[in-house]
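Architecture at a glance
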Amino acid sequence: MTDSRMRIVAVANQKGGVGKTTVTMQLGATLSRRFRVLVVDVDPQQSTVWWAENVPDGLPFDFAGSQSPKALAGMRELEAEYDFVLVDTPGSLEDTPILETVLDAADFAVLPLTPEPLAVDPTMRTITRLIEPRGLRHGVLLNRIDPRVPKQLETWQGLLDTTFGVPRFGNHVRQYKVLTDAPVLGQLVTSTPDTRRTQGSILDITRVGYELSDQLSPAHAGRW
Ligand SMILES: Nc1ncnc2c1ncn2[C@@H]1O[C@H](COP(=O)(O)OP(=O)(O)OP(=O)(O)O)[C@@H](O)[C@H]1O
Ligand SMILES: [Mg+2]
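Starting from 1, residues in each chain are numbered consecutively following that chain's sequence as written. Both sets of labels track the order of writing: A upward for chains, 1 upward for ligands. Totals for whole chains, interfaces and linings use every residue, but because this is a predicted model, local features are given only for residues with pLDDT of at least 70 and side-chain atom pairs only at 80 or more, for both listing and counting. Values reported for side chains reflect all heavy atoms of the structure, with hydrogen atoms and water molecules removed beforehand.

Focus: the UniProt feature "domain: CobQ/CobB/MinD/ParA nucleotide binding" (unreviewed entry) in the protein chain
UniProt positions are given in the numbering used here, feature names are shortened, and annotations may be inferred rather than shown by experiment. Residues annotated in UniProt with the feature "domain: CobQ/CobB/MinD/ParA nucleotide binding" (unreviewed entry) correspond here to residues 9-176. Measuring from the first to the last C-alpha atom of residues 9-176 gives 24 Å, for a span that is 34% helix and 21% strand. Strands here are runs of E lasting at least two residues and helices are runs of H or I lasting at least four, both read from the DSSP assignment and numbered beginning at the N terminus.

As for the nonpolar core
Val40, Met75, Val85, Val87 and Leu103 are the most contacted members of the largest nonpolar core, which has 36 residues in total. When residues of this core are traced back to their parent elements, those giving at least two are strand S1 (7-11), strand S2 (37-41), strand S4 (84-88), helix H3 (96-105), strand S5 (108-113), helix H4 (117-131), strand S6 (137-145) and helix H5 (152-163). No other element matches H4, which puts 6 residues into this core. Dropping the residues within four chain positions of it, Val85 is found in contact with Met6, Arg7, Ile8, Val9, Leu38, Val40 and Met75. Definition of nonpolar core: a set of buried residues of the types Ala, Val, Leu, Ile, Met, Phe, Trp, Tyr and Cys, connected through side-chain atoms within 4.5 Å. Whether a residue is buried, partly exposed or exposed follows from its accessible area with a 1.4 Å probe, protein chains only, as a fraction of its type maximum: under 20%, in between, or over 50%, in that order. The contact criterion used throughout is that any non-hydrogen atoms of two residues lie within 4.5 Å.

Some words on helix H6 (residues 177-185)
Those residues of H6 that fall on the buried side of the exposure criterion are Val178, Leu179, Ala182 and Pro183. Relative to the axis of H6, the buried residues are bounded by an arc of 145° and lie together on one face. Exposed and oriented more than 90 degrees from the buried face of H6 are Lys177 and Val184. Buried residues along H6 sit against helix H1 (20-31), helix H2 (47-54), strand S7 (173-174) and helix H7 (199-215). Among the residues trailing H6, Gly186 stands out with phi positive, at a value near 65°. Arc definition: it is the arc formed by the directions from the helix axis to the C-beta atoms.

Some thoughts on the packing of H2 against H6
The axes used here are C-alpha line fits, helices contributing only the stretch in contact, and every angle between their N-to-C directions lies in the interval 0 to 180 degrees. Taken N-terminus to C-terminus, the directions of H2 and H6 make an angle of 75°; their axes are 7 Å apart at the nearest point. Here H2 is positioned roughly perpendicular relative to H6, judged by the angle of their axes. Counted together, Trp50, Trp51 and Asn54 of H2 and Ala182, Pro183, Val184 and Leu185 of H6 form the full contact between these two elements. In the scheme used here, Gly and all other residues not listed as nonpolar or charged are polar, with Ala, Val, Leu, Ile, Met, Phe, Trp, Tyr, Cys and Pro taken as nonpolar and Asp, Glu, Lys and Arg as charged. Considering only residue class, the contact of H2 with H6 consists of 6 nonpolar, 1 polar and no charged. Roughly parallel refers to an angle under 35 degrees, roughly antiparallel to one over 145, roughly perpendicular to one between 65 and 115, and oblique to any angle outside these ranges.

Structural notes on the site of ligand 1
Contacts to ligand 1 come from 18 residues, most closely from Lys20, Thr21, Thr22, Arg144 and Thr180. Under this definition, polar contacts are N or O atom pairs within 3.5 Å; protein pairs additionally need one hydrogen-donor-capable and one acceptor-capable atom, and for neighbouring residues in sequence, both atoms have to be side-chain atoms. One of the backbone N or O atoms of Gly17 is found 3.0 Å from an oxygen atom in ligand 1. At 2.8 Å, a backbone N or O of Thr21 approaches an oxygen atom of ligand 1. Areas reported as accessible are Shrake-Rupley estimates using a 1.4 Å probe. Residue values count occlusion only from the protein chains shown. Look at ligand 1: alone it shows 620 Å² of surface, and the protein chains cover 83% of it. Here the element with the most residues in the shell around ligand 1 is H1; it accounts for 3 residues. Whether a residue is near a molecule or strand depends on its heavy atoms: if one lies within 4 Å, it is near.

A look at unusual backbone geometry
Notably, Arg144 is not glycine yet its phi reads approximately 65°, a positive angle. Position of Arg144 among the secondary structure elements: in strand S6. Here Arg144 falls in the partly exposed class, since its relative accessible area comes to 37%. For Lys151, which is not glycine, the phi torsion reads 60° and is therefore positive. Residue classification places Lys151 among the exposed residues on the basis of a relative accessible area of 60%.

This is the structure in structure tokens:
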């Protein structure tokens, strides 16, 4: 990154179970190879805290765990210390006020989306009601793509591009058992041995990390 500005990235979707916590932790790990990263959790479920407790040899990023969403406004004071602050947010409608406070403070929102029809409406509602009114830059990230399902990726990319007209990541994350097991084993792509079984998940997360940091660098500003 050529300027020193810190980016606050909210990982958000009012649909539960689409991969917000997974994306927050794994992106935090891959970005930590190149940037100074802080991961924050404002979800009352505290899934990242549970995950962090399972990590055997320490996290590769700074971890603030449970924070009140209001504390995020004060995060700007950390400008000199971090390049990225990634915020895991709650997926339930009752927690909308928490999400709104985070989005007020954020520079960008990543919206993980699993290829399930029932996930579409809550995702679109999150975008049209909470993200667009704030003029917040955002990108939908297709997650849990199953390459064995014919045309699944193309179909969902087409839906996002044409039917819904929402910005999306060019890269996506496939469905991997190693990613399902990661919270229990406290595993992150940066500490996962690179084997035939794990290489796909490491590759997918790494690509998304590069895409995010490219998009948020000044040279690309506004492309999404
Ligand atoms: N790409 C993937 N491949 C395999 N499993 C995945 C993948 N992404 C997420 N999962 C699994 O899907 C489940 C839901 O993911 P996760 O907890 O990250 O979603 P969430 O959006 O944070 O959920 P919540 O709304 O409850 O906070 C978890 O069991 C997680 O391990
Ligand atoms: Mg979660």
